[in-house]
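A look at the structure
The primary structure of each chain is shown beneath.
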Amino acid sequence: MQGPITVYDDGAYAGDAKIEDLAAGSQRLLSYALDLDTEVAPLSKSRPEEILSVKLVQGTMITTRKFTQAQEYTIKNSGKKTKKVLIEYPSIPIGR
């Protein structure tokens, strides 16, 4: 059943979260707190569109283009504990 959750880490309060309804046996990642000891600095790296090839087929010109984008993250942990960091980044469809 959906509702609020209080999360404890090693017996200490870590944060609150709200969970939606889940089907039996399913798993979900639960975001529950802002970690003030961890800093994440994203840096977008894009390259302009490149023409990779051009060919003529029965009077029709066909071009192939490529556009790349990379996302780089610098993560700093100021805390005393080792941490696992999961970064979710959406796929961005390119319109035609």
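The model shown is predicted, which means the values in this text are computed figures rather than measured ones.

**A look at the overall build of the protein**
Of the regular secondary structure elements, the protein holds 0 helices and 6 strands. Computed over C-alpha atoms, the radius of gyration of the protein comes to 22 Å, more than 25% over the 12 Å expected from 2.2 N^0.38 for 96 residues, which places it beyond the range of a compact globule. Seen along its three principal axes, the alpha-carbon backbone of the protein occupies a region of about 70 × 35 × 15 Å. Looking at the 96 residues of the protein, the share that counts as buried comes to 6%. The contacts in the protein between residues at least 6 apart in sequence include a share of 36% that link residues at least 24 apart. Surface summary for the protein: the accessible area is close to 8900 Å², and the carbon and sulfur share equals 53%. Taking the average place of the 13 positive charges on the side chains of the protein and the average place of its 12 negative ones, the gap between the two points comes to 10 Å.

**Remarks on the side chain of Thr38**
Following the sequence through the fold, Thr38 ends up in strand β3 (residues 38–46). A distance of 3.2 Å separates the side chain of Thr38 from the side chain of Lys83, its partner in a polar contact. The contact partners of Thr38, leaving out residues within four places of it in the chain, are Ile75, Lys76, Asn77 and Lys83.

**Description of unusual backbone geometry**
The phi torsion at Asp10 lies on the positive side, around 55 degrees, for a residue other than glycine. If you trace the backbone, Asp10 turns up in the loop between β1 (3–9) and β2 (12–19). Here Asp10 falls in the exposed class, since its relative accessible area comes to 67%. Although it is not a glycine, Gln58 sits at a positive phi angle of roughly 50 degrees. Here Gln58 shows up in the loop between β4 (50–57) and β5 (60–66).

Criteria and cut-off values
Residues numbered from 1 in each chain as written. Predicted model: local features only at pLDDT ≥ 70, side-chain atom pairs only at ≥ 80, totals over all residues. Heavy atoms only, no water. Helix = DSSP H or I, 4+ residues; strand = E, 2+ residues; numbered from the N terminus. Rg over C-alpha atoms; globule rule 2.2 N^0.38 Å. Buried < 20%, exposed > 50% of the residue type's maximum accessible area, 1.4 Å probe, protein only. Contact = heavy atoms within 4.5 Å. Areas by Shrake-Rupley, 256 points an atom, 1.4 Å probe, with all protein chains shown as cover. Lys, Arg positive; Asp, Glu negative; His and termini not counted. Charge placed at Lys NZ, Arg CZ, Asp CG, Glu CD. Polar contact = N/O pair within 3.5 Å; in protein donor to acceptor, adjacent residues only side chain to side chain.

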